[in-house]
Structure formats: C-alpha cells, structure tokens
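One-letter residues, chain by chain:
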Amino acid sequence: MRQLSFALSRHVLLRKRILASCKRPVAFMSTLLINQPQYAWLKDLGLKEENEGVYNGIWGGRGEIVTTYCPANAEPIASVRQATLEDYEETIKKAKEAWKIWADVPAPKRGEIVRQIGDALRKKIKDLGSLVSLEMGKIFVEGVGEVQEYIDVCDYAVGLSRMIGGPVLPSERPGHALIEQWNPVGLVGIITAFNFPVAVYGWNNAIAMICGNACLWKGAPTTSLISVAVTRIVAKVLEDNKVPGAVCSLICGGADIGTAMARDERVDLLSFTGSTKVGKQVALMVQERFGRSLLELGGNNAIVVFEDADLNLVIPSALFAAVGTAGQRCTTARRLFLHETIHDEVVEKLAKAYAQIRIGDPLDSTTLYGPLHTKQAVMMFLDAVEQAKQQGGSVVYGGKVLNRPGNYVEPTIVTGLLHNASIVHTETFAPILYVLKFKTEEEVFAWNNEVKQGLSSSIFTKDLGRIFRWLGPKGSDCGVVNVNIPTSGAEIGGAFGGEKHTGGGRESGSDSWKLYMRRSTCTINYSKDLPLAQGIKFQ
C-alpha cells in the first residue's frame, strides 16, 4: 500500500501549499504573528519563530519547515521543522528504551506523574486555549475547554492508576488460583486530527501512561505549534521527575511519518483519529502486521425530535451541535429529523437562532462562531451546498462564504431533501445541517441507522417507553446514544467512540483503559497435586 494513502487525510492535503512558505526571508519573519505584541503569550508557551518538531528526550528535527496559518485572518503564526524518517527511527528506538524504565514504575507512581502533568496544564490553560483558537480556529471558550478535557482525563487517570487490574476467578481445581494479569502493551502511537489537537492526545496519553506505556505522538501538520507547546509542558514534568523524556515522544510530520507508524511492528497500539477513508487505510496497514489499532473516525450524527419534545431544549441543543466548532466536530449534528407536525415551527425558530450567532475572531470572548480550518474546507462547504441544491434541497439559512479575511462561511440550514439523498449520507466537515421530516418512530430509528457511520445520536421526547426503545437493541446503533441533550459535548467519564465506519474504538473513560493493556489468564498451582481441567485423567 502506497504512502499516498495517508495523503488523503484532511490535514495532509494542504501540506504542499504550506510547504511553499518554507525558508522565508527576514522580512517575512517579522510579519509572523508570534512577533506581534498582542501575541506575546505565544512565547510564554516556549514557542519561537522556528520550532523543533521532534522530541525524544531532546528537541530536534531535520526535515522541512512548515509554517502554520491562523484560520481567522490567513496570517502566518510561526513555523515548525518536521521530522525525517531518520528522526523517526531514532525517536522510536529511544521511546522503546524509555518504556523499559517506565514499565517498572508502580502504577500509582505513574499516576502521580500524570497528576503533575494535569497541574502543569492548569497553569497554562488560558495561553494553551488561546493557541488552540489561534491555530485551529475554534472559539476561545472551546479552546480552553479542550485543554480542560486533558486536565480532567489526567485527574481521572490518577484514580484509575490505583484501580486497574483483573479479577481473581474461582478455579475448578483444588489448590489452584485463577487470575487475570494486565500488563502494558508497550509503545502507543497516537495520530491526532486538527479539530481536537489537545484533547484527543490527552485522552490517549494520560490513560496510556498510567497503564505503563510510552507514547509517540504525531499531530496534524496544520496544528504543529499546538503539538510542540503541549509536549513542552509534558516534557518539563518528565524532566523534573527524572523520567526519560522519550516516554512522551513527539514526531511532527506528514504522510511518510504516519505510514511508518502504521507499518511499524514496534508500535504496539496505534490510535488514529481522522476520516473514515484514511482510517480504513490505517487499519489495513496495521492489520497486515497483526497489530492493534484504536480508530476514532467519521460521524454522520442525527438529532431526532418527536412531537412531544420540549422545544426550549431542542433549539439550543441543535444550534450548539450543528454550529459549535463551525461544524468541525466528529460529533457535530449533520441531520435533524423533525416530526412532520412540528417541522415548520422548529425550522422557523432555528433559523431565527442562527441569525443571532455572533461571528468573529475566535479569541474574542463574545464570539460564538469562528472560521473553518482551511481554504480547502471552504471549498468542500461550497461543493456540499451546491450538491444539496441539485438533489432537491432548499437553503433556508446561510449557504455562502463570508466576505472577510480568513476561512469564514455562513452556518447553513438545508430543508427538503430525502433521508437517503447521497449528500445527506456524506459527512461534510462544515456547518451544514440537513433538516428532514418523518412520520413514525420506526422509520426514523431506521433512518438514523442507515448511514455508514455510527458515532453519536440523540432524541428529544418525553415518552419513557420511546426512550428505552431508543436505547435498546432496535434503537440507535451508535456508540454515543443521548436523550434530550445534543450529539456533541461528551463527558470524559464514559467511553467515547462509535460503531461501523466510525471504527469501533473507545477512548477516555469507563473500561477504555483495557485497550492500552494486554491480558493474561494465569493459573497458579500451589498444591502438590496436578489435577487437570474438565476432570481429564492422563496417566
């Protein structure tokens, strides 16, 4: 399988354009946002004009220089020197050696290190949240909230470090003990997407660490500064505790690095977050070597609103789920099923709510809606709107690119499409909400499940029987199944992930920790006899 497979990913497609900005003259360097007074806080995160994108106990990187741009104004922020395959080879060797030391540290002691990482993040939460807004484009409160997710997972992992383990099972043989032993898998590779450049790494990193694993992180090239800033915070904690820095290695790079990670037998678990199309390529490469993967892929999420729903809950829920992060969450609501008796009323109220959205600079605390991440995303938005029109849809709100600097588009509502229209079954990573009519519970449950993805879903109803049918075996087939709340905004205490083309992976809470460990069933004979199981006699 060729390395081009990874190039299909959203954050890699833009790479050639970004690389054109390499090796700029001094005049260009003076225009970088990092050199402007209002962005002085970037240097408080340890960032500079040109940053090293490899960390394995020491900072380095011998690859191309990539400049990242602010989606809100298209201005260059700073640059990161990417990794070469030689850097990758050196880093993975150091990470494997570091694991030998880390695995011997008792789990509660590992939890103490993770606690310190959470505390270090708390001290930088506003600056780091601001960087998420600046480089990714989500609004400030969401940027800070994303860092808070990492902190929350650290807190969760600290307690988990004293609880992980298997049961002691009753043995059928006298004088025997039957137990489950859980051990770390070894090295966890983590490939994250642009839309959650801090939180998804945090979900994986904190849990993987307390389980006794080393981590190797490749973030999206378009959010490389965030990857560097987060790693600097983590690295300082490791260094202060005399833990090998390679326990949390960083390798900024593109398709060649991602492909190497997927094919490398030394990567014991590969966690990949991205599109279903690229995730399938990753899964095949990992499975080809009988490796283990954890996939968090696409979502074509639906909200279902019945005639008895509380519209005071429906309108703000649909608004946040469809418009939050400018429609760039994997849990974004893309389909809104409305019972035919309330369809027109809800559409009218939702359009009025859309008109109240405050669009602007993500760093402005009053802004509720920022830009798309790239120019390519803007083109995908326009293409999807045009396809929706061609397939019979009517744009009742939005549908256009905003005339202002940056990658801004109007949040958009489309009505009149069939539930099985091809565009409705396509996940477009943009703020487009397809509003669809339904008549019966049976048909809308089936329509919820008919798309290939199975990440998040929600119904709004007061009918208790319907609620439990929705949660039951003939209800939603998604990994996240909600009632009277939006499709997005999951808590860290539950396992996060989805079914079908969403990949089947689970991260964060519940028993997701088991994915980062290997299980052994152990039988211990403490008697002087040798009875066999199932009463077998072999004499």
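Since the structure is predicted, the reported quantities are computational estimates derived from the model, not experimental observations.

Thoughts on the overall build of the protein chain
Then step 1. Looking only at helices and strands, one finds 18 helices and 24 strands in the protein chain.
Then step 2. In terms of overall size, the protein chain behaves like a compact globule, its C-alpha atoms giving a radius of gyration of 24 Å where 539 residues would be expected to give roughly 24 Å.
Then step 3. With the principal axes as the frame, the protein chain shows a C-alpha extent of 80 × 65 × 45 Å.
Then step 4. Out of the 539 residues belonging to the protein chain, those deemed buried represent 57%.
Then step 5. Contacts in the protein chain between residues at least 24 apart in sequence constitute 75% of all its contacts with a sequence separation of at least 6.
Then step 6. Element-wise, carbon and sulfur atoms account for 54% of the exposed surface of the protein chain, whose accessible area totals about 22000 Å².
Then step 7. Charge-centre separation for the protein chain: the mean point of 59 positive side chains lies 4 Å from the mean point of 55 negative side chains.

Let's talk about the confidence of the model for the protein chain
Then step 1. Residues of the protein chain with pLDDT of at least 70 account for 94%, and the chain-wide mean is 94.
Then step 2. Every residue in residues 1-27 is under pLDDT 50, and counting partners more than four places away or in other chains gives 60 contacts.

Describing the environment of Lys 277
Then step 1. Mapped onto the secondary structure, Lys 277 falls in helix 13 (residues 276-288).
Then step 2. Along the backbone, Lys 277 and Leu 297 are 20 residues apart, and their C-alpha atoms lie at a distance of 8.5 Å.

Section: the pairing of strand 16 (residues 412-415)
Then step 1. Burial along strand 16 is two-sided: the face carrying Thr 412 and Val 414 and the face carrying Ile 413 and Thr 415 are both buried.
Then step 2. As judged from the 3 bridges shared by strand 15 (residues 394-397) and strand 16, these two strands associate in the antiparallel manner. Counterpart to Ser 394 in the pairing with strand 16 is Thr 415.
Then step 3. Sheet analysis places strand 16 next to strand 17 (residues 432-438), joined by 4 bridges and oriented parallel. Within strand 17, the position partnered with Thr 415 by the bridge is Val 435.

Rules used in this analysis
- Residues numbered from 1 in each chain as written.
- Predicted model: local features only at pLDDT ≥ 70, side-chain atom pairs only at ≥ 80, totals over all residues.
- Heavy atoms only, no water.
- Helix = DSSP H or I, 4+ residues; strand = E, 2+ residues; numbered from the N terminus.
- Rg over C-alpha atoms; globule rule 2.2 N^0.38 Å.
- Buried < 20%, exposed > 50% of the residue type's maximum accessible area, 1.4 Å probe, protein only.
- Contact = heavy atoms within 4.5 Å.
- Areas by Shrake-Rupley, 256 points an atom, 1.4 Å probe, with all protein chains shown as cover.
- Lys, Arg positive; Asp, Glu negative; His and termini not counted.
- Charge placed at Lys NZ, Arg CZ, Asp CG, Glu CD.
- pLDDT = per-residue confidence, 0-100.
- Pairing = 2+ DSSP bridges.

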